[in-house]
Amino acid sequence: MTVESLRPKDTTASAEPPVAGGAVPLLGHGWRLVRDPLAFLSQLRDHGDVVRLKLGPKTVYAVTTPALTGAVALSPDYIIAGPLWESLESLLGKEGVATANGKLHRRQRRTIQPAFRLDAIPAYGPIMAEESYALVERWRAAGGVLDITYESFRVAVRVAARCLMRGSYMDARADRICADLTTLFAGMYQRMVVPLGPLYKVPLPANREFNRALADLHVLVDEIVADRRAGGQKPDDLLTALLDAKDDNGNPIGEQEIHDQVIAILTPGAETVGSTIMSLLLVLTEHPELGDKIRDEVESVVGDRPVAFEDVRKLTYTANVVTETLRLYPAVWILTRRAVADTELGGYRIPKGADLIYSPYAIQRDRRSYERNEDFDPDRWLPERSKDVPKYAMSPFSVGNRKCPSDHFSMAELTLVTAVVAHAYRFEHAPHSDARPRIGITLRPRRLMLRALAR
């Protein structure tokens, strides 16, 4: 099915999508999206390919099938906007590649894309390997119980900062990023599903903590840019590319755009990759046989020497474990778009200005797309089996011009980290570990406390 085939010849005859059940007065479906969003979104397809939701006073259209989510992602009739992006605006701004649209977005993609070319990624390999082995050594020295939230975000921040913004990067600064993003992403999800606007300005403790974290992160970004300029150095990295970038008139891009772009670099590097590392460690804990198979693969491919970036493409089973983790535990589990024209989707009329919502989590766990859809099965990504997965039923990095530019970078990093830690350790839950999903703008285990047992 093509995008064009999903567009109508005449939108005037289209029907309104059905309204999902379960709305409550004032909050609409926002209450269910706060209480148990994963279950709520996962059952929406049973009510239709497109259904209407009420989020407070707003009507939102939920898209539930792989083909239609692919159509929304690829069509120029839908832009980056809607409840998700409105909630993120105070963090990401309006001038970064994550939130920009149209010509500005295309220019920004051209600026940052060279840093993520396939032939550029091997240069980051030594840093990824060094940080992976530093993680293993720190765990060996620490012993006892590990706070996996801290450990996962720390390594993710350090890899992103050292690869994409080369130069000195103190641990204290990485810790600030982790702490700030943890607070912000939790608060932003609530602002998305219960958009009560002025109430979030009331000086309640949660609002004060949110505002403190937001202010600190913006100060931190300004420090990073100021440090680079004061140092007078121009390493071949993404931050240098931003500082040297020109706008469409050939002038240097503005300070706000530089600021927003650095935020756009740090956020996926810290929050989404860190969340995925947490999920990978949960998988290795609850399925120890996977770690055994990864260890065997590493020893078969690498032998007695340390794992290097050059080994990643040969670690196919390890990569399949990463892919299956991305399927079942996608960090980016909810997305929104906005219609910029009257369109039709799945036979239903979508008016101009309407907000759309869809869930990669629900799409990637749908029983209609996957046999044994809830089972963790890395072998479903073997070539002879993966061809049976419907198109757009697995898009952890999105598709089209909104596809994450760092997809190959992130897959290499996740595969390398997984290979190194699974070869060194088995894992078990420690007291007070809570593997239940923590619902924020991103998805990750709530509080993962593990013991790393040397192999």
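This text goes with the structure placed above it.
Caption draft 1: Spatial organisation of helix α7 (residues 148-164). The end-to-end C-alpha distance of α7 is 24 Å, a good match for the 24 Å that 17 residues give at a rise of 1.5 Å each. With respect to burial, α7 is a largely interior element, 15 of its 17 residues being buried. If you check the start of α7, you find a side-chain oxygen 3.2 Å away from the backbone N of Thr-149, and it comes from Asp-147.

Caption draft 2: Molecular detail of the pairing of strand β2 (residues 58-63). Of the strand pairs in this sheet, strand β1 (residues 50-55) and β2 are connected by six bridges, and their pairing is antiparallel. When the bridges of β2 are listed, Lys-54 appears paired with Thr-59. Count of turn residues in the β1/β2 antiparallel hairpin: two residues, of which Gly-56 carries a positive phi of about 60°.

Caption draft 3: Representation of the pairing of strand β11 (residues 443-447). Relative to β11, strand β10 (residues 434-439) runs antiparallel, the two being bridged by four bridges. The residue bridging Asp-434 from the neighbouring strand is Arg-447, located in β11. Linking β10 to β11, which pair antiparallel, is a turn of three residues.

Caption draft 4: Structural view of the sheet that holds strand β8 (residues 355-358). What the five strands build is an open sheet, ordered β1-β2-β8-β5-β3; its pairing is mixed. The open sheet terminates on both sides in strands that have one partner only, identified here as β1 and β3 (78-79). Across three bridges, the pairing between β2 and β8 is parallel. When the bridges of β8 are listed, Tyr-61 appears paired with Leu-356. Strands in contact with helix α3 (residues 66-74) are β1, β2, β3, β5 (335-339) and β8; relative to β8, the strand with the most contacts, it is inclined by about 130°.

Thresholds, definitions, all that
Residues numbered from 1 in each chain as written. Predicted model: local features only at pLDDT ≥ 70, side-chain atom pairs only at ≥ 80, totals over all residues. Heavy atoms only, no water. Helix = DSSP H or I, 4+ residues; strand = E, 2+ residues; numbered from the N terminus. Expected span 1.5 Å × (residues − 1). Buried < 20%, exposed > 50% of the residue type's maximum accessible area, 1.4 Å probe, protein only. Polar contact = N/O pair within 3.5 Å; in protein donor to acceptor, adjacent residues only side chain to side chain. Pairing = 2+ DSSP bridges. Contact = heavy atoms within 4.5 Å. Axes fitted to C-alpha atoms, helices over the stretch in contact; angles between N-to-C directions.

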